[in-house]
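# Fold and contact review
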Amino acid sequence: MSAARQFRNLALIGFMGSGKSVVGRLVAGQLDFDFVDTDDLVEAAAGRSISQLFREEGELAFRQRERAVVLALAGRQRTVIATGGGLVTYLDNLALLKQHALVVCLWASAATIYERVRHHHHRPLLQTPDPLGRIRDLLAAREPFYRQADVIIQTECRNPREVAAQVVHQFHTAVSQQ
Ligand code: S3P
């Protein structure tokens with residue numbers, strides 16, 4: 001028999017532009033939890049922006065920095081953790097999050113993601129001549145990881161407040177069944 005899961009925290013996973021940071025802040029407010037964003041934690045530890053890190057050190061070094069943040073998060077409690085879109089694809093980051101958090105994936109189609117992020121310029125992986133093609137390819141490669149979340153929430157046709165209400169409901173349900 002496997003040991004009972006602990007839901008001390010709540011982790012939001014999903015592609016760039018799925019709403020993890022906006023929804024995460026709302027959820028943290030409603031649960032009276034702290035809120036952290038792994039991108040912010042990586043930037044604070046490195047003293048550099050993510051764009052700079054990708055440019056100066058490359059993606060693998062960024063993943064290693066993200067990994068260090070994941071390891072440090074194991075000590076948190078009552079925290080909503082918004083994760084960078086690629087975090088759960090690296091080593092066993094997803095399994096580590098599941099040791100202390102309910103993992104909720106926010107889902108959107110490639111077309112919707114493109115509409116949400118097309119005017120943003122701070123995501124190095126989307127600075128290509130064909131961002132929609134890049135989103136489609138990355139989303140297809142990452143889908144098997146995102147599908148391992150405890151809960152998947154469709155964000156299309158829902159505003160962040162509605163998505164946050166769903167996340168809070170799922171968290172209460174999971175905790176009550178612990
Ligand atoms: C990335 C997503 C970004 C950030 C970095 C890489 C990815 O985070 O971690 O640019 O690989 O999908 P958001 O998902 O918060 O945009």
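Presented here is a report on the structure given in the accompanying data block. Position numbers for residues start from 1 in each chain and track the written sequence from start to end. Where local features are concerned, this predicted model is filtered to residues with pLDDT of at least 70; where side-chain atom pairs are given and counted, the filter is 80 or more; whole-chain, interface and lining totals use all residues. Only hydrogens and water are set aside when side-chain values are computed; all heavy atoms of the structure are taken into account.

### A word on the site of the ligand
Around the ligand sit 14 residues, and of these Lys20, Asp39, Arg63, Arg123 and Arg142 come closest. For the purposes of these results, a polar contact is taken to be a pair of N or O atoms within 3.5 Å, where, inside protein, one atom must be able to donate a hydrogen and its partner to accept one; residues adjacent in sequence count only when each atom of the pair is a side-chain atom. A distance of 2.8 Å is found between an oxygen atom of the ligand and a backbone nitrogen or oxygen belonging to Gly85. Protein coverage of the free-state accessible area of the ligand, which is 380 Å², stands at 95%. Of the residues forming the shell around the ligand, the biggest block, three residues, is contributed by helix α4 (residues 59–73). Whether a residue is near a molecule or strand depends on its heavy atoms: it is near if one of them lies within 4 Å of it. Here the open area of atoms and residues is found with the Shrake-Rupley method and a 1.4 Å probe, where only the protein chains shown may cover a residue. The way it works is that DSSP assigns letters per residue, a run of H or I at least four long becomes a helix, a run of E at least two long becomes a strand, and they are numbered from the N terminus.

### Points about the side chain of Asn9
Here Asn9 shows up in strand β1 (residues 9–13). Engagement of the side chain of Asn9 in a polar contact is seen with the side chain of His100, the distance being 3.0 Å. Throughout, a contact is declared for two residues whenever any of their heavy atoms are within 4.5 Å. Discounting residues that sit within four places of it in the chain, Asn9 has contacts with Phe33, Arg76, Gln77, Arg78, Thr79, Ile81, His100, Ala101, Leu102 and Phe171.

### Here we look at the sheet that holds strand β4 (residues 101–107)
Ordered in space as β2-β3-β1-β4-β5, the five strands form an open sheet in which the pairing is parallel. Among the strands making up the open sheet, the edge pair consists of β2 (34–37) and β5 (151–154). Ignoring strand direction, the axes of neighbouring strands in this sheet form an average angle of 20 degrees. As judged from the five bridges shared by β1 and β4, these two strands associate in the parallel manner. Among the inter-strand pairings, Ala11 is bridged to a residue of β4, identified as Val103. Along the sheet, helix α7 (residues 131–146) contacts β1, β4 and β5; its crossing angle with β4, the most-contacted strand, is approximately 150 degrees. Only the stretch in contact is used when a helix axis is fitted, and all axes are lines through C-alpha atoms; the angle between N-to-C directions ranges over 0 to 180 degrees. The sheet strands contacting helix α8 (residues 160–176) are β1, β4 and β5, and the helix crosses β4 at an angle near 150 degrees. Criterion used throughout: strands pair if DSSP finds at least two bridges between them.

### So, the environment of Phe62
Examined against the element boundaries, Phe62 turns out to sit in helix α4. Separated by 16 residues in sequence, Phe62 and Ala46 place their C-alpha atoms 9.7 Å apart. Leaving out residues up to four positions away in the same chain, Phe62 has contacts with Asp39, Val42, Ile50, Leu53 and Phe54.

### Examining the pairing of β5
Exposure is judged per residue with a 1.4 Å probe applied to protein chains only, and the accessible area is read against the type maximum: over 50% gives exposed, under 20% gives buried, and values in between give partly exposed. Along β5, the buried face is formed by Val151 and Ile153; none of Ile152 and Gln154, which line the opposite face, is buried. Alignment of β4 against β5, held across four bridges, turns out to be parallel. Within the sheet, the bridge partner assigned to Leu106 lies in β5 and is Ile153.

### Some details on the packing of aromatic side chains
Stacked, edge-to-face and tilted labels apply to pairs of Phe, Tyr and Trp rings (six-membered ring for Trp) whose centres lie within 6.5 Å, assigned for plane angles under 30 degrees, over 60, and everything in between, in that order. Taken as a whole and judged by the stated rule, the model has three aromatic pairs. When the centroid spacing of 4.9 Å and the interplanar angle of 45 degrees are considered together, the rings of Phe54 and Phe62 count as tilted. Of the two residues, Phe54 and Phe62, both sit in the buried class. Counted as over-ring charges are cases with an Arg CZ or a Lys NZ within 6 Å of the ring centre that also lie within 35 degrees of the ring normal. For Arg147, the ring lying beneath its charged end belongs to Trp107, and the centroid distance is 5.8 Å.

### Observations regarding the packing of helix α1 (residues 20–31) against α8
For the pair α1 and α8, the least separation of the axes is 9 Å and the interaxial angle reads 50 degrees. With respect to their mutual orientation, α1 and α8 come out oblique. The handedness of the crossing between α1 and α8 is right-handed. On the side of α1, the interface is formed by Val22, Val23, Leu26, Val27, Gln30 and Leu31, while α8 contributes Pro160, Arg161, Val163, Ala164, Val167, Val168, Phe171 and His172. Nonpolar residues are Ala, Val, Leu, Ile, Met, Phe, Trp, Tyr, Cys and Pro. Charged residues are Asp, Glu, Lys and Arg, and all others, Gly as well, are polar. Taken together, the residues of the contact of α1 with α8 break down into 11 nonpolar, two polar and one charged. An angle below 35 degrees is treated as roughly parallel, one above 145 as roughly antiparallel, one from 65 to 115 as roughly perpendicular, and anything else as oblique. Crossings are assigned a handedness: left-handed for a near helix turned anticlockwise from the far helix by less than a right angle, right-handed for a clockwise turn.

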